[in-house]
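Commentary on secondary and tertiary structure
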Amino acid sequence: MGVFYEYYRAADRAAATVRPEHSRESADASRGVPEFDVVVTKGIDSEVVLGQLIAFAGHVDYRLGLAETVVLYPPPEGAPRSDEEWDALPEGSPYLEGPGIMELSAKARDMLADVDDARLPTLAEQWAAIEEFSHFTDDDDGYMLSLTRDLVGLARRARENDQLLYCWFCL
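Residues numbered from 1 in each chain as written. Predicted model: local features only at pLDDT ≥ 70, side-chain atom pairs only at ≥ 80, totals over all residues. Heavy atoms only, no water.

Some points on the overall build of the chain
Summing up its helical and strand segments, the chain has seven helices and five strands in all. For the chain, the sequential pattern of α-helices and β-strands runs β-α-β-α-β-α-α-β-α-α-α-β. Its C-alpha atoms give the chain a radius of gyration of 17 Å, within 12% of the compact-globule value 16 Å for 171 residues. For the chain, the spread of C-alpha atoms along the principal axes amounts to about 50 × 35 × 30 Å. The long-range share in the chain, meaning contacts at least 24 apart out of those at least 6 apart in sequence, stands at 72%. As displayed, the chain has an accessible area near 9,200 Å², and 51% of this comes from carbon and sulfur atoms. (Helix = DSSP H or I, 4+ residues; strand = E, 2+ residues; numbered from the N terminus. Rg over C-alpha atoms; globule rule 2.2 N^0.38 Å. Contact = heavy atoms within 4.5 Å. Areas by Shrake-Rupley, 256 points an atom, 1.4 Å probe, with all protein chains shown as cover.)

Here it is in structure tokens:
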């Protein structure tokens, strides 16, 4: 099945975490779910897979923590602290199954936003060659370039509007 990740921009943490149980892709004013500028992905986690794109974009060595994420939901202050507390969580708890929301740093946003358009094809090729994508067949349909372009564009729009990038994910 896989994990779905939705990258989006928001004015602040409060706006980013409105109705956290709902996909960022599906706006529904009647349920209080605002409309977001979002890029929907599958299997592109912020720490490893997106982190490598950020490293390539910024011409830096990849390392865990490069995106400098902060967990916003479920609230870290309510997270279980012991094995017993984890075992006592009810079925369906967001701590076990998600959804979750993370904030990416301004530095990560800016590394993506600073990519020159002429570099996008090369960047997409570099990213497509990472180990995490090794199970994919050739990218004849241009998906990686399109996804790279979408993520860079989202980062640019976030910076232009003095916003940060957020990641909503669900199992």
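What about the pairing of strand 1 (residues 4-10)?
In terms of residue burial, strand 1 counts as a mostly covered element, since six of its seven residues are buried. Of the strand pairs in this sheet, strand 1 and strand 2 (residues 38-42) are connected by five bridges, and their pairing is antiparallel. Directly across from Y7, in strand 2, lies its bridge partner V39. As paired strands, strand 1 and strand 5 (residues 164-170) are joined by seven bridges and run antiparallel to one another. Each residue of the ladder has a partner; that of Y7, found in strand 5, is C167. (Buried < 20%, exposed > 50% of the residue type's maximum accessible area, 1.4 Å probe, protein only. Pairing = 2+ DSSP bridges.)

Comments concerning the sheet that holds strand 2
The five strands lie next to each other as 2-1-5-4-3, forming an open sheet whose pairing is antiparallel. Every other strand in the sheet has two partners, leaving strand 2 and strand 3 (70-73) as the edge strands with one partner each. With strand direction ignored, the average angle separating the axes of adjacent strands in the sheet is 25°. Where strand 3 and strand 4 (residues 100-103) come together, three bridges link them in antiparallel fashion. If you follow Y73 over to strand 4, its bridge partner there is I101. Packing against the sheet, helix 7 (residues 143-160) makes contact with strand 1, strand 2 and strand 5, and its axis sits at approximately 30° to strand 1. (Axes fitted to C-alpha atoms, helices over the stretch in contact; angles between N-to-C directions.)

As for helix 7
With 18 residues, helix 7 should reach 26 Å at 1.5 Å per residue; the first-to-last C-alpha distance of 25 Å fits that figure. Within the sequence span of helix 7, burial applies to M144, L147, T148, L151, V152, G153, L154, A155 and A158. Contacts from the buried residues of helix 7 go to strand 1, strand 2, helix 2 (49-58), helix 5 (106-113), helix 6 (120-128) and strand 5. (Expected span 1.5 Å × (residues − 1).)

Considerations on the environment of L104
Assignment of secondary structure puts L104 in the loop between strand 4 and helix 5. Separated by 34 residues in the primary sequence, L104 and V70 place their C-alpha atoms 6.7 Å from one another. If we ignore the near neighbours within four places in the chain, the residues touching L104 are S46, L50, A67, E68, T69, L164, L165, Y166 and C167.

Concerning the packing of helix 2 against helix 5
Here helix 2 crosses helix 5 at 60°, and the two axes come no closer than 8 Å. If you check the angle between helix 2 and helix 5, you find them oblique. Seen along the crossing, helix 2 lies across helix 5 with a hand that is left-handed. Of the residues in helix 5, those touching helix 2 at L53, I54, A57 and G58 are A108, M111 and L112. Of the residues in the contact of helix 2 with helix 5, the class split is six nonpolar, one polar and no charged. (Parallel < 35°, antiparallel > 145°, perpendicular 65-115°, else oblique. Left-handed = near helix turned anticlockwise from the far one by under 90°. Nonpolar A, V, L, I, M, F, W, Y, C, P; charged D, E, K, R; others polar.)

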